[in-house]
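Examining the three-dimensional arrangement
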Amino acid sequence: MTVAHPKLILLAVCLVALMSTAGVAMPYPILAPIFVDAPADGFNHFAGLPPKLLLGLALAANPLGILLGSTFIGALSDRLGRRRVLLSTLTLTLAGYLLTAWALDLRCYLLFVFARFLTGVTEGNVAVARAIVADLHPQLDRTRSFATLNAVLYMGWLVGPMIGGFTLPLGEPVPFLIGAFTLLPCLAILLWVLPETGEAKGLQGMSMLAAVREQHAFRLLRQDKLLAALFWMQLTFALGVNAFYEFYPLWLVEYAGLGSSGIAWVTAGLCLIMALTSTLVGKLGLGADPLRRARQQAVLVGSSLLLLALLPAVPGVGLLVVIGLPLSIYNAVLPSWCAERFSAYGQGSVMGLLSTIFCISNVLIAVFGSLLTLVDTRLTIALGGCMCLLAVVMLNRLLRASAVAGRA
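Computed from a predicted structure; not experimentally measured. (Residues numbered from 1 in each chain as written. Predicted model: local features only at pLDDT ≥ 70, side-chain atom pairs only at ≥ 80, totals over all residues. Heavy atoms only, no water.)

This part is about the overall build of the chain. Scanning the chain from N- to C-terminus turns up 17 helices and zero strands. Sorting the 408 residues of the chain into buried and exposed places 60% on the buried side. Carbon and sulfur atoms make up 69% of the accessible area of the chain, which amounts to about 15800 Å² in all. (Helix = DSSP H or I, 4+ residues; strand = E, 2+ residues; numbered from the N terminus. Buried < 20%, exposed > 50% of the residue type's maximum accessible area, 1.4 Å probe, protein only. Areas by Shrake-Rupley, 256 points an atom, 1.4 Å probe, with all protein chains shown as cover.)

A few words now on the nonpolar core. Among the nonpolar cores identified, the biggest contains 117 residues, and Phe35, Phe112, Leu230, Phe237, Phe244 and Leu327 are the most heavily contacted of them. Among the elements that make up this core, the one with the highest residue count is helix α11 (residues 225–255) (17 residues). If sequence neighbours within four positions are ignored, Phe244 has contacts with Leu270, Leu305, Leu308, Leu320, Ile323, Leu327 and Ile381. Met162, Ala264, Ala268 and Cys271 belong to the second-largest nonpolar core, a separate cluster that totals five residues. (Core = buried A, V, L, I, M, F, W, Y, C linked by side-chain atoms within 4.5 Å. Contact = heavy atoms within 4.5 Å.)

What follows is about the packing of helix α14 (residues 313–322) against helix α15 (residues 324–341). Relative orientation of the contacting elements α14 and α15 amounts to 20 degrees, with a least axis distance of 5 Å. Considering the angle they form, α14 stands roughly parallel to α15. Contact residues: α14 offers Leu320, Val321 and Val322, while α15 offers Gly324, Leu325 and Pro326. (Axes fitted to C-alpha atoms, helices over the stretch in contact; angles between N-to-C directions. Parallel < 35°, antiparallel > 145°, perpendicular 65-115°, else oblique.)

Moving on to unusual backbone geometry. Even without a glycine there, the phi angle at Ala47 is positive, about 60 degrees. By the secondary structure assignment, Ala47 is in the loop between α2 (28–36) and α3 (51–70). Take Ala47: its relative accessible area is 64%, and that puts it in the exposed class.

Bringing the packing of aromatic side chains into the picture now. For the structure shown, the criterion picks out twelve aromatic pairs. When the centroid spacing of 5.8 Å and the interplanar angle of 70 degrees are considered together, the rings of Phe43 and Tyr109 count as edge-to-face. Of this pair, Phe43 sits in the loop between α2 and α3 while Tyr109 sits in helix α6 (residues 109–122), placing them 66 residues apart in sequence. Here Phe43 matches Tyr109 in class, with each residue buried. An aromatic cluster of three or more residues is present, and its members are Phe35, Phe43, Phe46, Tyr109, Phe112 and Phe176. (Phe/Tyr/Trp six-rings, centres within 6.5 Å; stacked < 30°, edge-to-face > 60°.)

So, on to helix α13 (residues 290–308). Look at α13: 27 Å from first C-alpha to last across 19 residues, which is about the 27 Å you get at 1.5 Å a residue. For α13, the full list of buried residues reads Leu291, Ala294, Gln297, Ala298, Val301, Gly302, Ser304, Leu305 and Leu308. Along the long axis of α13, the arc covered by the buried residues comes to 165 degrees, so they all point the same way. (Expected span 1.5 Å × (residues − 1). Arc of directions from axis to C-beta.)

Attention now moves to the pattern of salt bridges. A full pass over the atoms with the stated rule returns four salt bridges. Measuring nitrogen to oxygen at the nearest pair gives 2.6 Å for the salt bridge that ties Arg107 to Asp41. A residue pair is termed long-range when its members are at least 10 positions apart, and Arg107 in the loop between α5 (82–106) and α6 and Asp41 in the loop between α2 and α3 qualify at 66 residues. Asp41 sits in the partly exposed class, given a relative accessible area of 29%. Residues Glu172 and Arg107 are paired through a salt bridge, measuring 2.2 Å at the closest nitrogen-oxygen approach. Residue Glu172 is located in the loop between α8 (142–167) and α9 (174–193), and its partner Arg107 is located in the loop between α5 and α6; the two are separated by 65 residues in the primary sequence. Using a relative accessible area of 28% as the deciding quantity, one classes Arg107 as partly exposed. (Salt bridge = Lys/Arg side-chain N within 4 Å of Asp/Glu carboxyl O.)

Okay, structure coming up:
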């Protein structure tokens, strides 16, 4: 589908992604201090449970919601239209942030977890943004467009934690209120700039619930064995990456003695590395053989996480930031390959499946990783490294399967 002004559309999507991701990222540097490094009360010692376990459940609630939303939001945009779905989900996300702030003001743990879950359901719309970028091909080079979008997403992860970390002393609800207000300009930009980029099919006589049931991402796994192999490989890799994402703030609290502002600075360094690397990838491209390039980066990520689990605070913080380099390259090349290889299934569906994989891993590692942290947080980081290296083995099989499918 050809659209007018594709570069302007890409710019609009990137601006929306920047502001919305900043809102998503704000809680990450503040949850560990709220639960582990704050005076004991009925919130961070709810039902007499250990604060680390409560932290793990709170971490799991949001990606569990994203998991549910990702199974159908991206695919639903193939049917109802990218613009309509993105506007609706952003509006509901804004309401979710307000509910989260209210829960913190009330010091109600159950309401907080519930609000994080509901917010997560609508945050599955990252798949829609990626689908819009995929729609712009061949007018815009797909790999470079994905790299540009990734760079902006990383900038959101840079800005969000900085705001969250530095505004936490003003009150625990404040970062979430700011997250809500950042979505207002997102909605204005979408209404003003974004046309429909996909080929919306409409409900065709179906109810919305029936369309959701039909359009869930898992249906693709029954249709393509190569895509099923990709699912298990990417799930394994994402388990390793999320062990890092979810628990490095706790590692920084326990082993580097940092608070919310210190975590924000380290997160900013990590995201800056990722944003700069993605920008460079966008300018230079990645060349041929993207799966082999992904394999190289997965080896570097897995090895770095194992090393991080062994290092003391100062060199560990340095390595933590540098890990962003191979991560950003991997995250640029794999979605681009998937968008090209599986385009026949609908870009919203394919990007939704990738988001679903990430969220499944997020939920699993938040729960099991938090149990490991009761023994030692470094065990969770080491588990992440092992999972990434296991994904390398699975990626070798995927390379062989892809070669056979290409010759068929």
